[in-house]
Amino acid sequence: MKMAKIDLKLLKNRAEKAIKKAKDLKELNEIFKKYLGKRGELTQVLKSLEKLPKAKKIKIGKEANQLKDFLRIKFDQKAQEIKEKIEKEVEEKEWIDITAPGKKPVLGHLHPLTQIRRKTEEIFQAMGFTVVEGPEIETDWYNFDALNVPAEHPARDLWDTFYIKNGSAMRTSSSSSPSLPSEARLLRTHTTPVDVRYMEKNNPPLRIITIGRCFRHEATDASHEVNFYQLDGLMVGKDISVANFKATIQEFFHRFFEKSIEIRMRPSYFPFTEPSFEVDITCLVCGGKGCSACQRTGWMEMLGAGMMHPNVFKNSGLNPKFWQGWAFGMGFDRLAMMKYKINDIRLFYSGDLRFLHQF
Ligand code: DAH
């Protein structure tokens, strides 16, 4: 029976060590089976007691039962330890700080051209102008003829565009346009046709601006795009004069650039205005002293304007004997470029987020 005693001691040591080392409940369960399971080592010892003489049976039986109780307690303790460890890990993993500030979702913002458009509309609306719109696909009539640019007029070369044939766009050089009927459709080259459309439907006095997309058949570079935006303005009444125009446009630039701006008018030519002029503003970079941005002149070319031609009034159903007024048109992208000091018009249409995020 000496053997059995040693066996029990060894068994205790082995079992204790194994329990201590167990990493999870599954492993612990295996160890339990190995020692205390139906065919476990200690169970076997207890079963073999029967064959021993009574005195030994009592002695070894006692020891084996004590060991059984001892190991059960060890198993329970270890199981508890593992469970607590798991709970702690889960807690740590799933812990959330409900007092932490929330994460802001990434919000987009308005395109710089839209921001500038809204600002421009606000300024003109405050001066009593109505904001109107017209179609981007125009007829030959509204884009050219009605604006005193008949089919053979050389000015058409300035406004080469894309014509629509059976619903799809096709480019036709303007020199071939004389053969096109005036209801032929094209992508408008300027926003001035909106003035005619508005005068047809509304009686003077009128004050409107229109900002919209225009198209030209042109090679692109830093200051030209095949599509771009234009701002057109129109004021018609019984005695609307160039003085009214000068005051209005100067006030607009003053409010738009938020600094005092001088303007200068030079004679020019547009088929739909008479007289016509080109308008310059004080150079925004040097304030009029002369710098490389303004070719040392102190002035920057901004827009075209003039007194509406009597033929345009006639084409719009108004009698030029009773009505007079001015119109102006300017590149809207250029206005935005000057406001933000951007040197390439193509950036507006590139969809480059590194550019757009700056506004
Ligand atoms: N439509 C002209 C262009 O595209 C600009 C312009 C000039 C518009 C004079 C006007 C105006 O309304 O009066 O170049």
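If you're wondering where the values come from, they're calculated on a predicted model, not measured in any experiment.

Peer 1: How would you sum up the site of the ligand? Please name residues and give values.
Peer 2: Taken together, 15 residues are adjacent to the ligand, and His 190, Thr 192, Arg 216, Gln 230 and Asp 232 come closest. Contact distances for the ligand include 2.9 Å between a nitrogen atom and a side-chain N or O atom of His 190. A distance of 2.9 Å is found between a nitrogen atom of the ligand and a side-chain nitrogen or oxygen belonging to Thr 192. When isolated, the ligand has an accessible area of 350 Å², and the protein chains bury 92% of it. Taken together, the elements giving at least two residues each to the shell around the ligand come down to β7 (227-237), β10 (299-308) and β11 (324-331).

Peer 1: Could you give me a rundown of the sheet that holds β10, with the residues and numbers involved?
Peer 2: Taken together, seven strands build an open sheet; the order of strands is β1-β6-β7-β11-β10-β9-β8 and the sheet is mixed. Strand pairing shows two members of the sheet lacking a second neighbour, β1 (130-131) and β8 (263-270), which therefore form its edges. Sheet topology places β7 next to β11; eight bridges connect them, and they run antiparallel. The residue bridging Leu 234 from the neighbouring strand is Ala 327, located in β11. Its contacts with the sheet place helix α5 (residues 112-126) against β1, β6 (206-215), β7 and β11, and it is angled at close to 165 degrees to β6.

Peer 1: Go over the pairing of β6 with me, naming the residues and quoting the values.
Peer 2: Of all 10 residues that make up β6, eight are buried, and the element is covered over most of its length. Bridge analysis of β6 against β7 gives 10 bridges, and the strand direction is antiparallel. Along β7, the bridge assignment pairs Arg 207 with Met 235.

Peer 1: Quick rundown of helix α4 (residues 54-94)? Include the residues and the values.
Peer 2: Counting along an α-helix, one turn takes 3.6 residues, and residues three or four places apart therefore face a common direction. Between its first and last C-alpha, α4 extends 59 Å over 41 residues, near the 60 Å set by a 1.5 Å rise per residue. Those residues of α4 that sit buried are Ile 60, Gly 61, Ala 64, Leu 67, Leu 71, Phe 75, Lys 78, Ala 79 and Ile 82.

Peer 1: Hey, could you go over the environment of Gly 40 for me, with residue numbers and the actual values?
Peer 2: Tracing the backbone shows Gly 40 in the loop between α2 (25-36) and α3 (41-48). What makes Gly 40 buried here is its relative accessible area of 0%. Excluding its chain neighbours within four sequence positions, the residues that come into contact with Gly 40 are Lys 33, Lys 34 and Tyr 35.

Peer 1: Go over the nonpolar core, please, and point to the residues and values.
Peer 2: Within the largest apolar cluster, 48 residues are counted, with the highest numbers of intra-cluster contacts made by Phe 253, Leu 303, Phe 328 and Met 330. At six residues, helix α8 (residues 242-257) tops the list of elements feeding residues into this core. Residues in contact with Phe 328, not counting those within four places in the same chain, are Phe 124, Leu 231, Asp 232, Gly 233, Phe 245, Ile 249, Leu 303, Gly 304 and Ala 305. Listed in part, the 26 residues of the second largest apolar core include Phe 144, Ala 155, Leu 234 and Phe 270.

Cut-offs used in this document
- Residues numbered from 1 in each chain as written.
- Predicted model: local features only at pLDDT ≥ 70, side-chain atom pairs only at ≥ 80, totals over all residues.
- Heavy atoms only, no water.
- Near = heavy atom within 4 Å.
- Polar contact = N/O pair within 3.5 Å; in protein donor to acceptor, adjacent residues only side chain to side chain.
- Areas by Shrake-Rupley, 256 points an atom, 1.4 Å probe, with all protein chains shown as cover.
- Helix = DSSP H or I, 4+ residues; strand = E, 2+ residues; numbered from the N terminus.
- Pairing = 2+ DSSP bridges.
- Contact = heavy atoms within 4.5 Å.
- Axes fitted to C-alpha atoms, helices over the stretch in contact; angles between N-to-C directions.
- Buried < 20%, exposed > 50% of the residue type's maximum accessible area, 1.4 Å probe, protein only.
- Expected span 1.5 Å × (residues − 1).
- Core = buried A, V, L, I, M, F, W, Y, C linked by side-chain atoms within 4.5 Å.

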